[in-house]
Amino acid sequence: MRFLSVILLLVACAAGSFSAAAVSLAERTAPHDVDLEQLVKNPQAYEGMRVRFNATFVQTAGLFDPYHTRFTPERSINLVVWDDQAAIWKPTVRSKPVVTLYYDKDRKGAKAVSSLDKYTVITVVGQVQSSFREQPWIDCHSLERAEVAGTFTDNAVYHLEQGLALAEAGKHGLADENFRRALSEDLPLYAQAAVHRMRGRNLLAAERYADAADVLASALELLQVNPEIDRDRLPVLHYLRAKAVNELAEQAVAQGDGATAQQRFAEAVEHARAAVRLDPSVGDAYAVLGIGLAGLERWEEAKRQCARAIRMLPGNAEIRWYLGRIQNRQGAHDQSIATLKKGIDLAPKDYRLHKAIARAYFKRHLAGGGDASKDLVTALREYDIAIRLYPEDPDLYYYSGVVIERAADLDAKIRLGTSDEMVPATYPMAVERFEQCLAVDETYTEAHLRLGRRYRAVEEHDKAAAHYMRTLELEPDREELYAEVGRYLWDLGRREQAYDIYLAFHERQSEHIDTLYALGRLSLELEEWARSIEWHERLLDLSRQHLRAHVDLTQASYENDDPRDAISYGEDALELAEDPALIERVHHYKGLAHWELDEEPEVIAHLNQAVQGTQDIRVPLALGWCLSAEAEQGARVIELAQQALAIDPDNSRAKEMLGWGQVLVGNYSKAEATLKAAGIEDEERLAYRLGLAVFKQGPQRYAEAKELLEVGEDFRGRRDYLDEARTQVRAAQREMRDYERKMERLRREEERRQREEERRREREARNQGG
């Protein structure tokens with residue numbers, strides 16, 4: 001018995017030695033790098049192998065099968081994990097973790113298991129001990145935290161799950177908000193790429209194509225620069241990006257931006273080709289490729305791609321939606337309508353098909369034909385059906401508004417909504433649709449533009465201006481809008497706003513001739529003379545023969561106290577001008593510039609051609625005063641003074657000129673009254689003019705005139721037409737002195753005569769007495 005015990009002890013020791021040797025040998029074997037997902041799908045292929053994989057830790061558990069495996073709760077820790085790139089935001093994935101990982105409690109590092117947090121990415125090395133029940137039962141040899149960026153949180157998983165559910169329910173705005181919140185967490189790179197993909201799909205469904213294109217570009221970039229991410233999604237991402245970019249190209253076509261549309265279609269073709277090259281089984285990608293090719297007007301190739309997609313997926317209504325749109329773009333409206341009707345048969349509640357067929361009917365209406373009036377009614381009916389199916393699409397309200405506007409242009413009748421009654425189409429009906437469009441999407445530029453034009457037509461200018469301004473806020477790159485909006489505001493007299501519009505465009509196109517002129521002209525109208533000169537001189541640097549710039553510079557230079565520059569620009573303008581109105585305007589300001597330089601002959605020559613009908617009081621005043629130096633021009637001076645007073649009845653200089661004209665024509669008493677009432681503030685000038693008017697009334701007024709002219713003789717006019725003022729005063733004073741001398745001589749002669757008469761009478765008296 002003792003011998004048997006010894007034998008058993010030796011056998012046991014030997015068994016222990018062999019077991020230890022076996023474990024040591026397995027752990028010295030280089031592990032095979034695998035994906036946990038591969039192990040789970042085919043555990044038999046890896047049975048007995050030492051493997052290494054990454055996993056996302058969930059928790060420890062107590063799941064053991066000691067009857068069929070060597071793992072027991074006394075010896076092992078049970079780990080629950082997901083594949084490191086599992087879509088754990090999906091409840092179906094989260095509910096099926098891998099639960100057959102075991103870590104020996106006596107193994108080094110066992111205590112570290114208890115420190116693992118949920119969602120920690122770990123690198124596991126172990127041996128697949130069994131494939132019992134088609135599961136990989138793994139004996140973990142080592143476990144360490146993986147050096148990867150990002151990790152999940154319960155919050156992120158919640159938002160992703162909510163985002164998917166909301167997207168499925170068609171609540172795209174709320175879905176996107178949840179996706180964005182999830183992305184604000186430090187997610188693993190593969191999850192970031194996946195969320196970008198999910199978000200891109202959701203944004204496409206919401207028809208937010210620009211946002212979708214950006215998000216999908218981010219997803220593609222993540223996959224292309226991070227090789228550790230599963231690249232199986234690349235074909236789908238290229239397909240989705242092509243889809244988004246195609247839609248952006250369609251929008252550019254609708255806006256008349258052909259260059260951008262061509263660029264977008266070419267980009268979409270590139271992504272669609274990448275999708276079918278990477279995975280020829282992605283049938284939808286052929287249809288998207290067809291749309292891009294159609295945009296590049298490669299019609300036959302486009303239709304071949306869509307036909308291929310239909311053969312691959314004959315029950316897919318979306319592909320017929322693509323093909324119908326291609327045919328519509330090509331102008332094959334009948335074929336488009338037939339294709340889209342088949343799509344509606346397959347998916348009668350797909351609002352996109354009703355939207356596309358509505359556009360096809362409208363395009364066929366615009367092309368003319370016997371059914372043109374019916375097509376208009378049918379197009380609106382299809383848009384209204386689409387609205388009932390999906391009222392969150394702003395396109396539907398906008399394009400149905402366009403249809404109604406067209407019907408109103410034609411005085412046609414339409415059916416609205418579900419009504420069978422035919423009613424006359426009106427512009428307010430169209431306006432209501434455009435407003436509904438903005439209620440769904442306030443950033444819908446074309447709706448703002450249509451409303452701006454419609455309100456402009458009925459002279460509701462505040463509303464029109466607000467919508468116009470909003471278009472430019474939303475799409476500052478729409479070059480054609482600047483001129484339209486700027487000109488409209490300008491016509492309304494809102495020059496400051498108009499100036500800001502043109503200035504914004506100038507910052508984009510600094511050498512645009514018409515914009516430079518508009519900025520110079522608006523500055524002129526705003527009486528910003530120096531600024532106007534600056535803009536117009538920039539313009540002349542680019543276009544030396546720009547007539548209107550020369551004309552405006554003539555005025556601006558004069559108003560900016562640069563008469564010599566005004567004369568120079570005016571001379572250039574007169575060499576170029578043929579339009580009588582422009583010629584008259586040049587004479588106007590060139591004449592005033594000569595007036596500032598006291599060049600009377602030039603003033604008379606130019607202003608005689610500009611004075612008729614002018615509302616600038618300076619013109620008749622300058623011309624009248626220049627003519628006032630000649631007595632024979634008195635009647636013309638009066639006429640010009642009356643013209644000036646018609647512009648400004650209270651103008652003192654005009655009243656003064658009228659009074660002086662009356663002096664020149666000899667109506668002295670009236671001149672006196674006019675001059676006294678003129679409000680002349682210069683005492684010496686008043687005394688000069690009034691003194692001469694009084695003097696001219698004759699000797700009986702000489703005393704008054706003398707007193708006035710004694711003050712007026714000190715008057716000194718700086719202008720040439722006043723050079724004779726002092727001479728006139730002196731001549732009057734001399735005449736009055738001569739008159740006084742004459743009268744003194746006559747008085748003395750009379751006194752002498754009277755003395756002689758008295759002496760004669762005295763002699764006669766004496767003779768009679770003697």
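Residues numbered from 1 in each chain as written. Predicted model: local features only at pLDDT ≥ 70, side-chain atom pairs only at ≥ 80, totals over all residues. Heavy atoms only, no water.

Below, the discussion takes up the overall build of the chain. Tallying secondary structure elements over the chain gives 35 helices and eight strands in all. The C-alpha atoms of the chain give 49 Å as radius of gyration, which overshoots the globular expectation for 770 residues (27 Å, by more than 25%). Principal axes of the C-alpha set define a box for the chain whose edges measure 225 × 75 × 45 Å. Taken over 770 residues, the chain has a buried fraction of 48%. A total of about 38600 Å² of accessible surface is found on the chain, and carbon and sulfur atoms cover 48% of it. Considering the chain, the positive charge centre built from 104 side chains and the negative charge centre built from 130 side chains are found 3 Å apart. (Helix = DSSP H or I, 4+ residues; strand = E, 2+ residues; numbered from the N terminus. Rg over C-alpha atoms; globule rule 2.2 N^0.38 Å. Buried < 20%, exposed > 50% of the residue type's maximum accessible area, 1.4 Å probe, protein only. Areas by Shrake-Rupley, 256 points an atom, 1.4 Å probe, with all protein chains shown as cover. Lys, Arg positive; Asp, Glu negative; His and termini not counted. Charge placed at Lys NZ, Arg CZ, Asp CG, Glu CD.)

Turning our attention to the nonpolar core. Grouped together as the largest cluster of nonpolar side chains are 119 residues, with contacts concentrated most on Y322, Y398 and I414. When near neighbours in sequence (up to four residues on either side) are disregarded, I414 contacts V377, L380, I404, A407, E421, M422, V423, A425 and M429. Judged by nonpolar contacts, the second largest core, of 49 residues, contains A644, M657, L722 and M736. (Core = buried A, V, L, I, M, F, W, Y, C linked by side-chain atoms within 4.5 Å. Contact = heavy atoms within 4.5 Å.)

Bringing the packing of helix α13 (residues 317-330) against helix α15 (residues 351-367) into the picture now. The contact between α13 and α15 brings their axes to 10 Å, and the two run at 15 degrees. Our classification of the angle between α13 and α15 gives roughly parallel. Pair α13 / α15 crosses with left-handed handedness. Taking contact as the criterion, the partners of A317, E318, W321, R325 and N328 in α13 are, on α15, R352, L353, A356, R359, A360 and K363. Its residues assigned to classes, the contact of α13 with α15 shows five nonpolar, one polar and five charged. (Axes fitted to C-alpha atoms, helices over the stretch in contact; angles between N-to-C directions. Parallel < 35°, antiparallel > 145°, perpendicular 65-115°, else oblique. Left-handed = near helix turned anticlockwise from the far one by under 90°. Nonpolar A, V, L, I, M, F, W, Y, C, P; charged D, E, K, R; others polar.)

What follows is about the pattern of salt bridges. Within the structure shown, the criterion is met by 66 salt bridges. Its salt-bridge partner being E267, residue R241 comes within 2.6 Å of it at the nearest N-O pair. Within this pair, whereas R241 is found in helix α9 (residues 234-254), its partner E267 is found in helix α10 (residues 258-278), the two being separated by 26 residues in sequence. Residue E473 is joined to R470 by a salt bridge in which the shortest nitrogen-to-oxygen separation is 3.0 Å. With E473 and R470 both in helix α20 (residues 461-474) and three residues apart, the pair spans about one turn of that helix. Relative accessible area serves as the criterion here: at 54%, E473 is assigned to the exposed category. When its relative accessible area of 22% is taken as the criterion, R470 is described as partly exposed. (Salt bridge = Lys/Arg side-chain N within 4 Å of Asp/Glu carboxyl O.)

Here we come to the side chain of T100. On the secondary structure map, T100 appears in strand β4 (residues 98-104). Residue T100 is classed as buried on the basis of its relative accessible area of 2%. A polar atom in the side chain of T100 sits 2.6 Å from the backbone oxygen of P136. Once you skip the residues sitting within four places of it in the chain, T100 turns out to touch L79, Q135, P136, W137 and I138. (Polar contact = N/O pair within 3.5 Å; in protein donor to acceptor, adjacent residues only side chain to side chain.)

Residue E207 is not a glycine yet carries a positive backbone phi of 60 degrees. Topologically, E207 is positioned in the loop between α7 (189-205) and α8 (209-225). For E207, a relative accessible area of 13% puts it in the buried group. A positive phi angle, near 55 degrees, is found at D411, a position not held by glycine. Position of D411 among the secondary structure elements: in the loop between α17 (394-409) and β7 (413-414).

Right, let's get into helix α5 (residues 154-168). The end-to-end C-alpha distance of α5 is 21 Å, a good match for the 21 Å that 15 residues give at a rise of 1.5 Å each. Every buried residue of α5 is listed here: A156, V157, H159, L160, G163 and L166. Elements in contact with the buried residues of α5: α3 (91-94), α6 (172-183) and α7. Of the residues trailing α5, G170 is marked for its positive phi of about 85 degrees. (Expected span 1.5 Å × (residues − 1).)

Our focus in this paragraph is the confidence of the model for the chain. With 96% of its residues at a pLDDT of at least 70, the chain reaches an overall mean of 90. Low pLDDT, under 50, characterises residues 1-22; the stretch is placed with zero contacts to residues that sit more than four places away or in other chains. (pLDDT = per-residue confidence, 0-100.)

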